[in-house]
Amino acid sequence: MRTDTGQIVHLADYRPTDFVLERVDLTFELDPTETKVETRMIFHRREGVDASAPLVLDGDELSLSGLLFDQNEIPAGQYDLSPERLVIRDLPESKPFEITVTTIINPEANTQLMGLYRSNGIYCTQCEAEGFRRITYFPDRPDVLAPFTVNIIADKEANPLLLSNGNFLGGAGYGPGKHFAAWFDPHPKPSYLFALVAGDLGVVEDTFVTMSEREVALKIYVEHGKEARAAYAMDALKRSMKWDEEVFGREYDLDIFMIVAVSDFNMGAMENKGLNIFNDKYVLADPETATDQDYANIEAIIAHEYFHNWTGNRITCRDWFQLCLKEGLTVYRDHEFSADQRSRAVKRIAEVRHLRSEQFTEDSGPLAHPVRPTSYREINNFYTTTVYEKGSEVTRMIATILGGELFKKGMDLYFERHDGDAATVEDFVKCFEDASGRDLKQFSLWYHQAGTPQITVSSAFDAATGTLTLSLDQMVPATPGQTSKEPMHIPLKTGLLLEDGTIVTPSAVTGGEMTDDVLHLTERSQKFVFTGIPSRPTVSLNRGFSAPVSLHFDQSGADLSLIARHESDLFARWQALTNLALPVLTAAAAQARKGETVQSDAMLTETLLAIAANETLEPAFRAQALALPSEADIARELGSDNDPDAIHTGRETVLTAIAKAGADVFAKLMADMADTGAYKPDAADAGRRALKNAALSYLALAEQSPARAAAAFDKADNMTDLAQALTVLAHRFPQAAETATALQAFEARFSSNALVLDKWFSIQATIPGADALERIEKLMTNEHYNPANPNRVRSLIGTFAFANATGFNRADGAAYRFHAARILEIDKRNPQLAARLLTAMRSWRSLEPSRADLARTALMEIERSAGLSTDVRDIVDRMLKA
Ligand code: TRP
Ligand code: ZN
């Protein structure tokens, strides 16, 4: 493993390479421990570059076994070599030349899962961001684009399948027991999009006819015997291809599109040109083994990777500071796709829930950074929720500010102007400015200023003149490296609701710009005056979550309840319910902390039960309403001095009061939402199951008995219901005999399905309470646990740290020490995974002082350790920095 060099990369230092890469020809002779890679590259010196400038190639833990210039050996004196760099001097001034690099690598020993590695006997690659340099010496940066030819030679019996990017050129036998295949990708691409897969896999095949009537072969490769479980992924792929043609006008551009599912993978999936590689968790599904959430994730990630073909591959990033250019935009595209495939409002609620719990948390802690950062120590650590999810929100705001038509015009201009380019965020924004004539200079601060803007709102209505005055103040909090901030351009969709829920359109607005229903807040402090309002309106602000901000608007219970009942925007209704619930839950936490009796709130209970029983509302929406703000949401609302036990106790008490008051409503819901025929993973059926399971969870609280959940477990005919019933049993009745029986039955039934056992680990990892740690330690010795597989580690260690607040933050700090020990262990094998898991402690400073102290001690334990990877070193240093 490479340890930290302390080197920092700065955006300001960007300059193009001295040499232009014209094409690449790779030959792999695959072997589990000694794979030979021959890389032939044609370069020429860039115009204007000094004739003495050397060619600098990147490497990572490489050993060189051959180096040629135009097929002649380069003398030792002409180059400098280290595992991380190859520098070749005395190269031609203007004519093109060929460099041939030969390296020997060991896929079997590659536990980092970056570069070429083996997963369950399958050779596969992961090259983003800087994995290609673990395969060969190369200008491994996204602004170096070239067409690739790839020849693969391997043992025929073990590797009947030999895949790479682009179109298949041909294959043949290659000596005794071996064969070879050749692939050519005509689309110039950077090395991070290179992929190779070899092994023995089953396949599901289909075809897609594009808008210009070209037939594309579609293939999804999975382990033998799992083909049936790839059917939903294939369906999602075809829907994605169609949607991208219809909504963004984007057509696929090769004869074949392949997806390979592997079981050892650091992230969700990877968009390699024509050959996406997936974590099998996001490909495999059937009703018996996958939950509704799994289906939704598969649909979203299949779409995401496919959409990268245009936003990421055809137009790539100039440098890694521009990561949001492909990720934020592609997340926006997959969000829109899912919204069109499912219920737009419910999808939006889920997105915002996720954004708040992950991105807002990141943005308010030591790891906060802008959507487009200006420096990094380890790029792997910038695949963050800020780059992805906030990046998506920034794109969404451009669409909101410009309106649908001009946004589309800007996107079309982007595709036309930058196809084939390695582009920047500035290039992207310029397309929207040029297409719309609108100045987006102030808006661009969204890319550059970190921190969640805090908006304080007050309103006053003058009945005599029919005038409403809305006063808005914005403040962007200080974040690491950014102490003072400029006011931002914040687009707030706004509705003024009369008592019956109708929206009034003011006759005039002064004090700032309003386009359609969007208020443009651009100043630090701004007063919008609306005239022609017949009676006192209720203000519904940030409808649809048009801007990723925190609103501080002291609205009365009556106003919130009006919005909750009458808004036409369902997101706003859900938000109003959340705003009703949060003060109740924070007060409950405070009461629990002081040992006082926790008060529930009649108005909240009544409103929620009315929503639950309201049959005009879609079940998925009602389920979202019943899922009160999470413990993490409450902690964020409280801000500092958090006691996770008090938050938990307070919330449980409020939930129980709602459960008891609504027992009849919930019992009826369980009956009404019961199965209707065969399982279908669509949004409507998933919504019914979500509502039924929400009701089950409340009933378990009301009845204080495991009986109902045990019955639901026995009766379940799909994984959604089964996993939910098991969760209720384990979380509410950890000591009950029914729970032990169900856990055992689940483990026995799915003992040969690792992905399902991940759920079994996660459900147990999130059982609240201080004894969780002992449970985790015991589960680590389970025969199905495998510390080398990232999915297993995430499901147990990751879920415990990220999603079990009371267990992980137990008062004696034992779980922090446990986590630190795990991080050090995992770091030796897989630094990327270790660093990601470590971020679970990013909010340590907002804990009450005694826990915060214990957390700091554990972090310092990590920081003191010798031989940390750059990944973990970078995260731990930033987390401890004052
Ligand atoms: N680009 C990929 C995506 O968003 C994710 C990715 C980045 C990745 N780096 C990775 C996946 C490393 C696996 C390993 O879809
Ligand atoms: Zn992506």
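Residues numbered from 1 in each chain as written. Chains lettered and ligands numbered in written order. Predicted model: local features only at pLDDT ≥ 70, side-chain atom pairs only at ≥ 80, totals over all residues. Heavy atoms only, no water.

A. A look at the overall build of the protein. Secondary structure summary: the protein contains 27 helices and 33 strands in total. On C-alpha atoms alone, the protein measures out to a radius of gyration of 28 Å, which is about the 29 Å that the 2.2 N^0.38 rule sets for 882 residues. Once the C-alpha set of the protein is aligned to its principal axes, its extents read approximately 85 × 65 × 60 Å. In the protein, of all internal contacts separated by at least 6 residues, the share reaching a separation of at least 24 is 71%. When the accessible surface of the protein is summed, it comes to about 33000 Å², and 50% of that surface belongs to carbon and sulfur atoms. (Helix = DSSP H or I, 4+ residues; strand = E, 2+ residues; numbered from the N terminus. Rg over C-alpha atoms; globule rule 2.2 N^0.38 Å. Contact = heavy atoms within 4.5 Å. Areas by Shrake-Rupley, 256 points an atom, 1.4 Å probe, with all protein chains shown as cover.)

B. Looking closely at the site of ligand 1. Inspection of the region around ligand 1 gives 15 residues, with E128, E271, E305, E327 and Y388 positioned closest. Separating a nitrogen atom of ligand 1 from a side-chain N or O atom of E128 is a distance of 2.5 Å. One of the side-chain nitrogen or oxygen atoms of K326 is found 3.4 Å away from a nitrogen atom of ligand 1. Protein coverage of the free-state accessible area of ligand 1, which is 360 Å², stands at 97%. Listed by contribution, the elements that provide at least two residues to the shell around ligand 1 are β20 (269-270), α2 (292-307) and α3 (323-341). Residue classes in the shell around ligand 1 are distributed as 6 nonpolar, 4 polar and 5 charged. (Near = heavy atom within 4 Å. Polar contact = N/O pair within 3.5 Å; in protein donor to acceptor, adjacent residues only side chain to side chain. Nonpolar A, V, L, I, M, F, W, Y, C, P; charged D, E, K, R; others polar.)

C. Spatial organisation of the sheet that holds strand β18 (residues 215-222). Spatial ordering of the open sheet is given by β17-β18-β19-β21-β20, a layout of 5 strands whose pairing is mixed. Strand pairing shows two members of the sheet lacking a second neighbour, β17 (202-209) and β20, which therefore form its edges. Two elements, β18 and strand β19 (residues 256-262), share 5 bridges in a ladder whose sense is parallel. Within the sheet, the bridge partner assigned to L218 lies in β19 and is F257. (Pairing = 2+ DSSP bridges.)

D. Looking closely at the coordination of the zinc ion (ligand 2). For the zinc ion (ligand 2), the full set of protein donor atoms is H304 (NE2), H308 (NE2), E327 (OE) and E327 (OE), and the range of their distances to it is 1.9 to 2.8 Å. Taken in chain order, the donor set of the zinc ion (ligand 2) reads H-x3-H-x18-E. For the pair shown, H304 and H308 are each scored as buried. (Donors = N, O, S within 2.8 Å, 3.2 Å for Na, K, Ca; no water. Buried < 20%, exposed > 50% of the residue type's maximum accessible area, 1.4 Å probe, protein only.)

E. Representation of α3 within the structure. The end-to-end C-alpha distance of α3 is 27 Å, a good match for the 27 Å that 19 residues give at a rise of 1.5 Å each. Burial analysis of α3 places 17 of its 19 residues in the buried class, which makes it a mostly covered element. (Expected span 1.5 Å × (residues − 1).)

F. Representation of the pairing of strand β2 (residues 19-29). Here β2 runs beside strand β3 (residues 35-45); their pairing, made up of 10 bridges, is antiparallel. What sits directly across from F19, in β3, is R45. Counting the residues in the hairpin turn of β2 and β3 gives 5 residues. Pairing of β2 with strand β12 (residues 146-155), which is carried by 6 bridges, proceeds in the parallel orientation. What sits directly across from V24, in β12, is F148.

G. Spotlight on the sheet that holds strand β13 (residues 161-164). Overall, antiparallel pairing links the 4 strands, which are arranged β10-β11-β16-β13 in an open sheet. Each edge of the open sheet is held by one strand with a lone partner, namely β10 (115-119) and β13. For this sheet, the mean angle separating the axes of adjacent strands, direction not counted, is 15 degrees. Sheet topology places strand β11 (residues 122-126) next to strand β16 (residues 196-199); 2 bridges connect them, and they run antiparallel. Residue pairing for β16: C124 is matched across the bridge by V197. (Axes fitted to C-alpha atoms, helices over the stretch in contact; angles between N-to-C directions.)

H. Structural detail: empty space enclosed by the protein. This model, assessed by the stated rule, comprises 3 cavities of 30 Å³ or more. Approximately 100 Å³ is the volume attributed to the largest cavity. Residue lining of the largest cavity: 14 residues in total, with A674, D675, T676, D685 and R689 positioned closest to the centre. Of the residues assigned to the lining of the largest cavity, the class counts are 4 nonpolar, 3 polar and 7 charged. (1 Å grid on protein atoms, 1.4 Å probe; cavity = no way out; pocket = protein on both sides within 12 Å on 5 of 7 lines; lining within 4 Å. Points joined across faces, edges and corners; volume = space filled by probe spheres on them.)

In short, the description is geometric, and any link to function would need to be established separately.
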